Amino acid sequence: LIVPALKRSCLAKGAATQAALNEIYEGGEFEVHMRYAFVMVHLTVALAYGGGVPLLYVVAMINFAVTFRVDKFFLLKVNDKPPQYDAQLASLFANWLSFAVFLHFFMTG
């Protein structure tokens, strides 16, 4: 967040055309698939080891709340519009969630 702002302030003065200036101020692509992977990993770890370390449930809750707010900010204010995905990514997440719940039951006994 700070580095792109500094980069923009330094590079904006040397932009010769409006197209070059627009390119400097464009945000990057919002990578939905990477955010899904991040959430899946944290959810799986919390469900797998939360029975032994109950504090992981609280840490996961805080992590998901912060991730939601940060992703919302970046999606609406910083990044470009993400590409359209079909229902396959959500279906994969739902299937993985059922596996993670089974893993939770297996690990907690």
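Before reading further, recall that the structure is shown in the block above.
Residues numbered from 1 in each chain as written. Predicted model: local features only at pLDDT ≥ 70, side-chain atom pairs only at ≥ 80, totals over all residues. Heavy atoms only, no water.

Student: Provide a residue-level description of the packing of aromatic side chains, including the pertinent values.
Tutor: What characterises a pair of aromatic rings is the spacing of the ring centres plus the angle enclosed by the ring planes. Throughout the structure, instances matching the rule amount to three aromatic pairs. Ring centres of Tyr 36 and Phe 93 lie 5.5 Å apart, and the angle between their planes is 70 degrees; on these two criteria the pair is classed as edge-to-face. Here the residue Tyr 36 occupies a position in helix H3 (residues 32-49), and Phe 93 occupies one in helix H5 (residues 88-108), the gap between them amounting to 57 residues. By relative accessible area, which is 26% here, Tyr 36 ends up partly exposed. Each ring, one from Phe 73 and one from Phe 74, has its centre 5.6 Å from the other, and the planes form 85 degrees; the classification is edge-to-face. Judged by relative accessible area, Phe 73 falls into the partly exposed class, the value being 38%. When the ring centre of Phe 38 is taken as reference, the NZ or CZ atom of Arg 35 above it lies at 4.8 Å. (Phe/Tyr/Trp six-rings, centres within 6.5 Å; stacked < 30°, edge-to-face > 60°. Helix = DSSP H or I, 4+ residues; strand = E, 2+ residues; numbered from the N terminus. Buried < 20%, exposed > 50% of the residue type's maximum accessible area, 1.4 Å probe, protein only. Lys NZ or Arg CZ within 6 Å of the ring centre and 35° of its normal.)

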